[in-house]
Amino acid sequence: MVLSSSSLIFVIDFDKTISTNDVVVELMELYGDPGWQEVEDKVETGEITLRECMEWELNSIEITKQDYVRSIGEILQLDIGAKSLFTWIGLNKYPVHIISDSLTGIIEYAMEVKKLGVGLDYKIDAHSIIWTKHETISHIHFSNEPCIHNCANCKVSKVIALKKLNPNSTFIYIGDGFTDILAAHEADRIYARKDMFLADKLVEANIAHHVFLNLYGVLNDLKAKYGEKYISDE
Ligand SMILES: [Mg+2]
Ligand SMILES: [Zn+2]
């Protein structure tokens, strides 16, 4: 049996999906403007967009590059099943797109320093800190220009673009939050972290999905559905 090695494509959120905490929020508590919670309240009331909120929040962080890297190491907590899930995906040679409203450096830390990316074909799409030559923050480079939904990172348009490029692939989406809703709707199979915003909204909208407590739950379901490992005799 010959199956294309790219028959599944994974699109995965980072904060509270691959990690169990939100490093940007914790960095803001340590290095940001204490007014960030009030700014988030303005999103709830519709006074500002999510993108404007994220621009304000990310630009409020004052940190040196050295403290940033050290803080990520201290703060970042990975899901207990992340390494096993990525190992299985890597063995099967499925591509992974990590599309996130987090910062590229945080995700790179997980993939490189914490070695989640070993043997994995992955791409990171997130926001980036542009550093000055003195290693202080110059500005934040957002992963895309403003979109019609006012996303900071427009996950849905990126999933739609990937589907156009890979019309025969099955898209697997793994996420937890508000910014995953539109993108998850575009996927063929959705995994949503239990008791979080995405899972609640999918129940409300009556959209088929699988809930997970941790990423071992996703891995076990994938193994049951797609096999322990693809056997290809090309
Ligand atoms: Mg998330
Ligand atoms: Zn958008």
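Residues numbered from 1 in each chain as written. Chains lettered and ligands numbered in written order. Predicted model: local features only at pLDDT ≥ 70, side-chain atom pairs only at ≥ 80, totals over all residues.

### As for the overall build of the protein chain
Turning to step 1, where the next piece is worked out: If you tally the helices and strands in the protein chain, you get 10 helices and seven strands.
Turning to step 2, where the next piece is worked out: The C-alpha radius of gyration computed for the protein chain amounts to 18 Å, which stays within 12% of the reference 17 Å derived for 234 residues, consistent with globular compactness.
Turning to step 3, where the next piece is worked out: Principal-axis analysis of the C-alpha atoms places the extent of the protein chain at approximately 55 × 40 × 30 Å.
Turning to step 4, where the next piece is worked out: Of all 234 residues assigned to the protein chain, the portion counted as buried reaches 32%.
Turning to step 5, where the next piece is worked out: Within the protein chain, contacts between residues at least 6 apart in sequence are counted, and of these 67% link residues at least 24 apart. (Helix = DSSP H or I, 4+ residues; strand = E, 2+ residues; numbered from the N terminus. Rg over C-alpha atoms; globule rule 2.2 N^0.38 Å. Buried ≥ 20, exposed ≤ 12 C-beta atoms within 10 Å, placed from the backbone. Contact = placed C-beta atoms within 7 Å.)

### A short note on the packing of helix 1 (residues 23-31) against helix 4 (residues 65-75)
Turning to step 1, where the next piece is worked out: Put simply, helix 1 and helix 4 touch, their axes get as near as 10 Å, and they point 120° apart. Of the possible angle classes, the one that applies to helix 1 and helix 4 is oblique. Pair helix 1 / helix 4 crosses with right-handed handedness. Residue-level contacts link Val 23, Glu 26, Leu 27 and Leu 30 of helix 1 to Ser 71, Ile 72 and Ile 75 of helix 4.
Turning to step 2, where the next piece is worked out: Class assignment for the residues of the contact of helix 1 with helix 4 results in five nonpolar, one polar and one charged. (Axes fitted to C-alpha atoms, helices over the stretch in contact; angles between N-to-C directions. Parallel < 35°, antiparallel > 145°, perpendicular 65-115°, else oblique. Left-handed = near helix turned anticlockwise from the far one by under 90°. Nonpolar A, V, L, I, M, F, W, Y, C, P; charged D, E, K, R; others polar.)

### Topic: the nonpolar core
Turning to step 1, where the next piece is worked out: Within the largest apolar cluster, 53 residues are counted, with the highest numbers of intra-cluster contacts made by Phe 10, Val 11, Ile 107, Tyr 173 and Ala 187.
Turning to step 2, where the next piece is worked out: The element that contributes the greatest number of residues to this core is strand 1 (residues 8-12), accounting for five residues.
Turning to step 3, where the next piece is worked out: Residues within four places of Tyr 173 in sequence aside, it is in contact with Val 11, Ala 183, Ala 184, Ala 187, Ile 190 and Tyr 191. (Core = buried A, V, L, I, M, F, W, Y, C linked by C-beta atoms within 7 Å.)

### Things to note about helix 1
Residues spaced three or four apart along an α-helix point in a common direction, a consequence of the helix completing one turn every 3.6 residues.
Turning to step 1, where the next piece is worked out: The complete set of buried residues in helix 1 reads Val 23, Val 24 and Leu 27. Buried residues along helix 1 cover an arc of 95° about the axis, so they all sit on one side.
Turning to step 2, where the next piece is worked out: Of the surrounding secondary structure, the elements contacted by the buried residues of helix 1 are helix 4, strand 2 (96-103) and helix 6 (104-113). (Arc of directions from axis to C-beta.)

### Some points on the pairing of strand 1
Turning to step 1, where the next piece is worked out: Within strand 1, five of the five residues are buried, which leaves it mostly tucked inside the rest of the structure.
Turning to step 2, where the next piece is worked out: Where burial is concerned, the two faces of strand 1 agree: the one with Leu 8, Phe 10 and Ile 12 and the one with Ile 9 and Val 11 are both buried.
Turning to step 3, where the next piece is worked out: Note that strand 1 and strand 5 (residues 170-175) share five bridges and pair parallel. Each residue of the ladder has a partner; that of Leu 8, found in strand 5, is Thr 170.
Turning to step 4, where the next piece is worked out: In this sheet, strand 2 lies alongside strand 1 in parallel orientation, the contact comprising three bridges. Paired with Ile 12 across the bridge in strand 2 is Ile 98. (Pairing = 2+ DSSP bridges.)

### With respect to the pairing of strand 3 (residues 122-131)
For a regular strand, the rule is simple: side chains alternate between the two faces of the sheet.
Turning to step 1, where the next piece is worked out: In this sheet, strand 3 lies alongside strand 2 in parallel orientation, the contact comprising five bridges. Within strand 3, the position partnered with Val 96 by the bridge is Tyr 122.
Turning to step 2, where the next piece is worked out: Chirality of the crossover, the property in question, places the unit of strand 2, helix 6 and strand 3 among those that are right-handed.
Turning to step 3, where the next piece is worked out: Note: strand 3 against strand 4 (residues 137-141), four bridges, orientation antiparallel. Each residue of the ladder has a partner; that of Ile 129, found in strand 4, is Ile 140.
Turning to step 4, where the next piece is worked out: Once strand 3 ends, the chain turns through five residues before running back antiparallel as strand 4, passing Glu 135 with a positive phi of about 65°. (Right-handed = clockwise from strand over helix to strand, strands pointing away.)

### Concerning the packing of helix 2 (residues 36-44) against helix 3 (residues 50-60)
Turning to step 1, where the next piece is worked out: Across the interface, helix 2 lies against helix 3 with an axial gap of 9 Å and an inter-helix angle of 170°. In this view, helix 2 runs roughly antiparallel relative to helix 3, as classed from their interaxial angle. Residues Trp 36, Val 39, Glu 40 and Val 43 of helix 2 form the contact with helix 3, whose own contacting residues are Leu 50, Cys 53, Trp 56, Glu 57 and Ser 60.
Turning to step 2, where the next piece is worked out: Across the contact of helix 2 with helix 3, the residue classes break down as six nonpolar, one polar and two charged.

### Considering unusual backbone geometry
Turning to step 1, where the next piece is worked out: Positive phi, close to 65°, is recorded for Lys 115, a residue that is not glycine.
Turning to step 2, where the next piece is worked out: Examined against the element boundaries, Lys 115 turns out to sit in the loop between helix 6 and strand 3.
Turning to step 3, where the next piece is worked out: Looking at Lys 115, the number of C-beta atoms within 10 Å reads 12, which means it is exposed.
Turning to step 4, where the next piece is worked out: A positive phi angle is found at Asn 206, which is not glycine, with a value near 60°.
Turning to step 5, where the next piece is worked out: Judged by local crowding, Asn 206 falls into the exposed class, with 6 C-beta atoms found within 10 Å.

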